[in-house]
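Residues per chain, in single letters:
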Amino acid sequence: NTEAALRYEDFERSDGTRRGDWELGIAIDCLSMAARLDTAILVTGEGEYAPLVDALKARGVRVEVCSFPESIGDRLKHAAHEFIALDSSHLVD
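We now turn to the structure provided with this report. All values reported here derive from a predicted model rather than from experimental measurement.

Moving on, we come to the nonpolar core. The biggest cluster of nonpolar side chains holds 16 residues, and the ones touching the most others in it are Leu42, Leu52, Leu56, Val63 and Val65. For this core, the elements supplying multiple residues, two or more each, are helix H2 (22-33), strand E3 (39-43), helix H3 (50-58), strand E4 (62-67) and helix H4 (74-79). No other element matches the three residues that H3 contributes to this core.

This part covers the environment of Arg36. In this fold, Arg36 is placed in the loop between H2 and E3. Residue class for Arg36 comes out exposed when judged on its relative accessible area of 65%. In this structure the C-alpha to C-alpha distance between Arg36 and Val61, which are 25 residues apart in sequence, comes to 9.0 Å.

Once that is clear, we can look at the pattern of salt bridges. Going through the model one piece at a time under the given rule, you end up with three salt bridges. For Arg75, the salt bridge goes to Asp54, with nearest N and O atoms at 2.2 Å. With a gap of 21 residues between them, Arg75 in helix H4 and Asp54 in helix H3 connect regions that are remote in the sequence. A salt bridge links Arg62 to Glu64, with the shortest nitrogen-to-oxygen separation between them at 3.0 Å. Through salt bridges with shared partners, a single network forms among Arg62, Glu64 and Glu82.

Our next topic: the sheet that holds strand E5 (residues 82-85). Strand order in the open sheet made by the three strands is E3-E4-E5, with parallel pairing throughout. In the strand order of this sheet, the two ends are held by E3 and E5, each with one partner. Each adjacent strand pair in this sheet contributes to an overall mean axis angle of 20°, direction not counted. Bridge count between E4 and E5: four bridges; the pairing is parallel. Bridging across to E5, Ser67 finds its partner in Ala85.

About the criteria used
- Residues numbered from 1 in each chain as written.
- Predicted model: local features only at pLDDT ≥ 70, side-chain atom pairs only at ≥ 80, totals over all residues.
- Heavy atoms only, no water.
- Core = buried A, V, L, I, M, F, W, Y, C linked by side-chain atoms within 4.5 Å.
- Buried < 20%, exposed > 50% of the residue type's maximum accessible area, 1.4 Å probe, protein only.
- Helix = DSSP H or I, 4+ residues; strand = E, 2+ residues; numbered from the N terminus.
- Salt bridge = Lys/Arg side-chain N within 4 Å of Asp/Glu carboxyl O.
- Pairing = 2+ DSSP bridges.
- Axes fitted to C-alpha atoms, helices over the stretch in contact; angles between N-to-C directions.

What follows is the structure in structure tokens.
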């Protein structure tokens, strides 16, 4: 949809590199859908998602986080209802 496309649109920096703001868009989408979710599964280790996990839990959503153990922040790991550890068997050749 147009709203989602605007949120995820990347932008060009002054040095010519491009960057998107997926984190904010993902958070907005999760919170806007929270009333219709039983469970949200985040595949990330980025600790900045811990407040999103807390907000979803406050809305009654079960939150599971999948990440490689060496890549996850403690705050995110402990905020989730369940942490699912990924390993090399989850990688595609």
